Amino acid sequence: MAETHVLFVEDDDVIREATQLALERDGFVVTAMPDGLRGLEAFRADRPDIALLDVMVPGLDGVSLCRRIRDESTVPVIMLSARADSIDVVLGLEAGADDYVTKPFDGAVLVARIRAVLRRFGHASGGAAGGGETGAQAEGGVLVFGDLEIDTEGMEVRKAGEQVGLTPTEMRLLLEFSSAPGTVLSRDKLLERVWDYGWGGDTRVVDVHVQRLRTKIGQDRIETVRGFGYKLRA
């Protein structure tokens with residue numbers, strides 16, 4: 001089985017070296033960089049399987065680096081933030097990050113989060129979509145909701161005939177909604193199914209990804225049910 005290549009961008013020497021050693025002990029191949037510009041160069045040169053980006057790094061901050069990576073690739077990105085209540089968390093998610101981990105972090109927790117992200121990226125069709133009463137199931141595994149078409153086999157989405165580019169996390173989220181159109185899915189349920197958080201997690205991850213998905217498939221396609229969660233309008 002091929003080794004997983006991790007790009008790790010962190011300016012604190014102690015954290016960078018300790019985390020690199022911990023990840024390597026768990027079998028990961030790690031390229032560690034102290035600033036965002038060298039991180040971008042390493043990303044383009046090595047094409048890692050996943051990127052871990054500290055928010056506050058010199059040269060090119062983690063949020064800007066995440067945007068640059070997302071412009072070029074759908075590779076999974078985890079942001080590292082020193083404060084769970086920081087606006088940096090939301091900015092990172094809005095920039096295209098798939099998850100974030102608050103510093104200081106336990107090495108075992110970080111490894112678990114990396115593996116959870118990689119599992120869902122390796123199985124982007126894991127939220128298998130069924131037909132539902134209000135969504136039309138066409139041949140070839142294509143679900144149709146108005147002008148929105150979801151190809152559950154080819155992992156492609158089209159709106160009004162135009163292809164929509166989704167990250168694997170956004171695709172899994174849409175597949176969860178399309179598997180039960182009209183059914184309200186709670187944030188906790190979405191965290192469990194899409195992010196593999198059996199123990200719970202920060203619901204801001206869900207909210208930001210839903211908003212990103214709305215901008216791509218239509219603001220009115222996913223409805224907010226206050227106090228409960230979200231549902232797909234068929």
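The structure reproduced in this document is the subject of the present report. (Residues numbered from 1 in each chain as written. Predicted model: local features only at pLDDT ≥ 70, side-chain atom pairs only at ≥ 80, totals over all residues. Heavy atoms only, no water.)

Per the secondary structure count, the chain includes eight helices and 12 strands. Of all 234 residues assigned to the chain, the portion counted as buried reaches 49%. Across the chain, contacts joining residues at least 24 apart in sequence account for 58% of those joining residues at least 6 apart. Accessible area for the chain stands at about 10,800 Å²; split by element, carbon and sulfur atoms hold 49% of it. (Helix = DSSP H or I, 4+ residues; strand = E, 2+ residues; numbered from the N terminus. Buried < 20%, exposed > 50% of the residue type's maximum accessible area, 1.4 Å probe, protein only. Contact = heavy atoms within 4.5 Å. Areas by Shrake-Rupley, 256 points an atom, 1.4 Å probe, with all protein chains shown as cover.)

Core analysis: the biggest nonpolar cluster contains 50 residues, and Leu53, Met79, Ile150 and Phe177 have the highest contact counts within it. Those residues in contact with Ile150, other than ones at most four positions away along the chain, are Gly141, Val142, Leu143, Phe145, Glu156, Val157, Met171, Leu174, Leu175 and Ser178. Judged by nonpolar contacts, the second largest core, of 15 residues, contains Leu52, Ile78, Val101 and Val111. (Core = buried A, V, L, I, M, F, W, Y, C linked by side-chain atoms within 4.5 Å.)

Lys103 connects to Pro104 through a cis peptide bond whose omega is -5°. Its identity is not glycine, yet Arg47 carries a phi of approximately 50°, on the positive side. Here Arg47 shows up in the loop between helix H2 (36–46) and strand S3 (50–54). For Arg47, a relative accessible area of 44% puts it in the partly exposed group. Phi angles above zero are rare outside glycine, and Met155 is one such case at about 55°. Residue Met155 is classed as partly exposed on the basis of its relative accessible area, which comes to 26%.

Moving on, we come to the sheet that holds strand S2 (residues 29–33). The strand order across the open sheet formed by five strands is S2-S1-S3-S4-S5, and the pairing between neighbours is parallel. Strands with a single pairing partner mark the edges of an open sheet, and in this sheet they are S2 and strand S5 (99–102). The sheet shows a mean angle of 20° between the axes of neighbouring strands, taken without regard to direction. Here H2 sits on the sheet in contact with strand S1 (5–9) and S2, set at roughly 165° to S1. (Pairing = 2+ DSSP bridges. Axes fitted to C-alpha atoms, helices over the stretch in contact; angles between N-to-C directions.)

On to the pattern of salt bridges. Summed over the entire model, instances satisfying the criterion amount to 20 salt bridges. One salt bridge in this structure joins Glu170 and Arg212, with 2.9 Å as the shortest N-O distance. Pair noted here: Glu170 is in helix H6 (residues 168–179) and Arg212 is in helix H8 (residues 204–217), with a separation of 42 residues, a long-range link. We classify Arg212 as buried; its relative accessible area is 10%. With a shortest N-O distance of 3.9 Å, Glu223 and Lys231 are connected by a salt bridge. Lys231 sits in the partly exposed class, given a relative accessible area of 23%. Beyond isolated ion pairs, a larger network of salt bridges with shared partners links Glu10, Asp54 and Lys103. (Salt bridge = Lys/Arg side-chain N within 4 Å of Asp/Glu carboxyl O.)

The next subject is the packing of H6 against helix H7 (residues 187–194). Describing two packed helices takes the angle between their axes plus the distance from one axis to the other. Packing of H6 against H7 leaves a shortest axis separation of 10 Å and a crossing angle of 125°. Judged by the inter-axis angle, H6 sits oblique to H7. Between H6 and H7 lies a crossing of right-handed hand. Together, Thr169, Arg172, Leu173, Glu176 and Phe177 of H6 and Leu190, Arg193 and Val194 of H7 make up the contact between the two elements. A class-by-class count of the residues in the contact of H6 with H7 yields four nonpolar, one polar and three charged. (Parallel < 35°, antiparallel > 145°, perpendicular 65-115°, else oblique. Left-handed = near helix turned anticlockwise from the far one by under 90°. Nonpolar A, V, L, I, M, F, W, Y, C, P; charged D, E, K, R; others polar.)

With that out of the way, let us pick up the environment of Met155. Structurally, the position occupied by Met155 is in the loop between strand S8 (148–151) and strand S9 (156–159). C-alpha separation for the pair Met155 and Leu166, spaced 11 residues apart in sequence, amounts to 9.4 Å.

Right, let's talk about helix H4 (residues 87–94) for a bit. Taken together, the buried positions of H4 are Asp88, Val89, Val90, Gly92 and Leu93. Those residues of H4 that are buried lie in contact with helix H3 (62–72), strand S4 (77–81), S5 and H8. The first or second residue beyond H4 is Gly96, which carries a positive phi of 120°.

This brings us to the packing of H6 against H8. Orientation of H6 relative to H8, taken along the N-to-C sense of each, is 85°, at an axis distance of 10 Å. On the basis of the axis angle, H6 is roughly perpendicular to H8. Here Thr169, Glu170, Leu173, Leu174 and Phe177 of H6 lie close against H8, whose contacting residues are His209, Val210, Arg212, Leu213, Lys216 and Ile217. Counted by class, the contact of H6 with H8 contains six nonpolar, two polar and three charged residues.

In short, the description is geometric, and any link to function would need to be established separately.
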